[in-house]
Amino acid sequence: MVSRDRWRPILIYLGAAMILVWSAGPFVWQFSTSFQNDRALTEAAPAFWPSPATLEHYANVFFVKKFQLYVVNSIIVAGITTILCLIVGALAAFSLSRLDIKGRFGVLGIILSVSMFPQIAVVGPLYLIASNMGLLDTYMGLVITYLALGLPLVTWVLFGYFDTLPREIDEAARMDGITTLGLLVRIIIPMSLPGIVTTGLLAFIAAWNEFMFALAFTSTIEHQTIPVGIANFTNLYYVPWGDIAAASVVVTVPLIVLVLFFQRHIIEGLTQGAVKE
Amino acid sequence: MGLSLPLAAGPSVGAGWRRIKLPLTAWLLLLPVFVSLGSVSVYPILNGVWLSLTNTSLVTQENDFVGLANYTALLGDEAFWNAWRHTMVFTFVSTSLETILGLGMALLLFEPFIGRSVVRAAMLVPWAMPTVVTSKMFGWLFDGQYGLVNYLLRSAGLISENINWLGSVDHALGTIIVADVWKTTPFMALMLLAGLQTVPRSLTEAARMDGARAWKTFWFVRLPLLIPTLLIAGMFRALDAFRVFDLVYVLTGGGPADSTETLSTLSYKILFSTLQFGYGSALSTAMFLTETLIAVGFGVFIVRQLRRQ
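Residues numbered from 1 in each chain as written. Chains lettered and ligands numbered in written order. Predicted model: local features only at pLDDT ≥ 70, side-chain atom pairs only at ≥ 80, totals over all residues.

A closer look at the packing of helix 9 (residues 201-209) of chain B against helix 10 (residues 214-242) of chain B
Residue and element names in this part refer to chain B.
Piece 1. Here helix 9 crosses helix 10 at 145°, and the two axes come no closer than 10 Å. The element helix 9 and its partner helix 10 pack so that their crossing is right-handed. Here Leu203, Thr204, Ala207 and Arg208 of helix 9 lie close against helix 10, whose contacting residues are Thr217, Val221 and Arg222.
Piece 2. In the contact of helix 9 with helix 10, the residues fall into three nonpolar, two polar and two charged. (Axes fitted to C-alpha atoms, helices over the stretch in contact; angles between N-to-C directions. Helix = DSSP H or I, 4+ residues; strand = E, 2+ residues; numbered from the N terminus. Left-handed = near helix turned anticlockwise from the far one by under 90°. Contact = placed C-beta atoms within 7 Å. Nonpolar A, V, L, I, M, F, W, Y, C, P; charged D, E, K, R; others polar.)

What to know about the environment of Leu91(A)
Residue and element names in this part refer to chain A.
Piece 1. Looking at where Leu91 falls in the secondary structure, it is placed in helix 4 (residues 67-98).
Piece 2. Since 20 C-beta atoms lie within 10 Å of it, Leu91 is described here as buried.
Piece 3. For Leu91 and Ile221, which are 130 residues apart along the polypeptide, the C-alpha to C-alpha distance reads 35 Å. (Buried ≥ 20, exposed ≤ 12 C-beta atoms within 10 Å, placed from the backbone.)

Some points on the packing of helix 8 (residues 172-196) of chain B against helix 10 of chain B
All names here are of chain B.
Piece 1. Packing of helix 8 against helix 10 leaves a shortest axis separation of 10 Å and a crossing angle of 150°. Helix 8 and helix 10 meet at a crossing whose hand is right-handed. Here helix 8 contributes Asp180, Thr184, Met188, Met191, Leu192, Gly195 and Leu196 to the contact with helix 10, which in turn contributes Arg222, Leu226, Thr229, Leu230, Ala233, Arg237 and Ala241.
Piece 2. Grouping the amino acids of the contact of helix 8 with helix 10 by side-chain chemistry returns eight nonpolar, three polar and three charged.

Remarks on the nonpolar core
Grouped burial of nonpolar side chains is what soluble globular proteins tend to show.
Piece 1. Residues Ala189(B), Leu192(B) and Leu283(B) are the most contacted members of the largest nonpolar core, which totals 158 residues.
Piece 2. For this core, the leading source of residues is helix 7 (residues 139-163) of chain A, giving 16 residues.
Piece 3. Residues within four places of Leu192(B) in sequence aside, it is in contact with Gly102(B), Leu103(B), Ala106(B), Leu226(B), Thr229(B), Leu230(B) and Ala233(B). (Core = buried A, V, L, I, M, F, W, Y, C linked by C-beta atoms within 7 Å.)

A short note on the domain arrangement of chain A
All names here are of chain A.
Piece 1. Each assigned domain of chain A is listed with its residue range as follows: domain 1 (1-54) and domain 2 (58-275).
Piece 2. For domain 1 versus domain 2, the distance between C-alpha centres works out to 32 Å.
Piece 3. Of all elements in the fold, only helix 1 (2-34) and helix 2 (38-41) reach the threshold of two or more residues within the side of domain 1 that touches domain 2.
Piece 4. Counting residues per element, the side of domain 1 that touches domain 2 draws most heavily on helix 1, at five residues.
Piece 5. Class assignment for the residues of the side of domain 1 that touches domain 2 results in three nonpolar, four polar and one charged. (Domains from an automatic or database assignment.)

Regarding the environment of Ala121(B)
Piece 1. With respect to the secondary-structure elements, Ala121(B) resides in helix 4 (residues 116-122).
Piece 2. The exposure class assigned to Ala121(B) is partly exposed, which follows from the 19 C-beta atoms found within 10 Å.
Piece 3. Ignoring anything within four residues of it in the chain, the contact list for Ala121(B) reads Leu260(A) and Gln263(A).

Remarks on the confidence of the model for chain A
Piece 1. Summary statistics for chain A give a mean pLDDT of 89 and a share of 95% for residues scoring 70 or more.
Piece 2. Looking over chain A, one finds the lowest element-wise mean pLDDT in helix 14 (residues 263-275) of chain A, namely 68, and the highest in helix 11 (residues 212-217) of chain A, namely 96. (pLDDT = per-residue confidence, 0-100.)

What follows is the structure in structure tokens.
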């Protein structure tokens, strides 16, 4: 027993270190790669510390590959998607949580089940529709698609947040003669602001990272998003691993900062479905 | 508009208002979600079912009803069965690995230790990263010539020569599975951790008092209570793994020699490279039906488990 108790913390810290290396290690390596010159990257024994450290890959990414254009496209598409997702999702979640809906969990289940559709089964027909409506290679085509992809999760998570607010608030507000929409806009939303920010972040990440629809629906750098840009990163004679690493760092670091900042809320928001009875 | 409803109204009038006006408002607020999901998810799926019964092709510009011809062609298509096998292997192996590793990580994170929040935060990194970036990152780590993995294995004496991980028929699918496990296990762990936290401490304490060893407490107390969470998390992972696209498309494009082709990448190629929208829709509709079967299968298990408790 005594020896077991002595070993236990050591095993726990060993395991924790392994999880840390496993989770963060590959990206740390990518980070280091982005500062090494091509010669160092093709050395027989790779080095962790860049020597000499160089910014040439970052220069390539922005000056040669015009990566900032993809970044702007992604910010526009993901930004508009997030705002629309929050508005539409909040209306629905509010209705399901606060108003007189018969079979609210049935409705919620239907909305959630849509998120299980394989996207490949949607992309073909949607391509034809978008083509007929002139929405191919536009921001609008992507935003409309991403809105529908994001809504099930956004509605579900917002419903979870709204439903934790006590009902007495509604009744008190109604006593003061507030309208239904007023209840949502002036009371429910301000009271669940952290939840809304977190949900918005989830919607943003989903749109920022989406690849297949962006690949199918956009064809020029005017509207292609970051994932398509990175997937197409190839040079004629060799794979530009350094440039790819630099681009990866540029698009991932902001996400990681945001996620770390909101981590507690994200974990709560995303896991509520799995643990609720 | 019927959007305003003072509850102060008398009970009889109020009841009447409630019944007629409020549901209308409620459904009106739900309308945008239904319009969005209906037009971008439900309608295209149904449209896809219709397309799968036609010989629609953007090359020949044909558009005729052909009945089940696409489906019979599919059943005789070796490329389809090839992709089907890879998808099944990928789904089964990656979901199992992710569940087992995720459970291990969750149990470890459940123990209090200094720096736990740092570890938990780091675990969100793989989840937040765009899958395309993950793919490129693993492409570099597993590069056949200069990749870190080859170097480490060589230094450890486990291999004598570099392995062309993504370029050889024997290793490519396994490498993609490793990338998927990397990306999704941490999140699985966080889900399971949330589940573990709902197991009442009094139960595990009682087991410990009775002299149960740690693994027995786990096996007889925690695991049974965790099973619903495991099933739900497993279902979401399996459904997600079944439609894997980004990793395969970016890492290998289905190669070498079609050894990593999955149903999603095959569908995508049939749709957007050969432009056979009829045949491609038959394949993607078949995938949709399989996904539904997986979901229903898990659903039955989950309901049964919840009833038992």
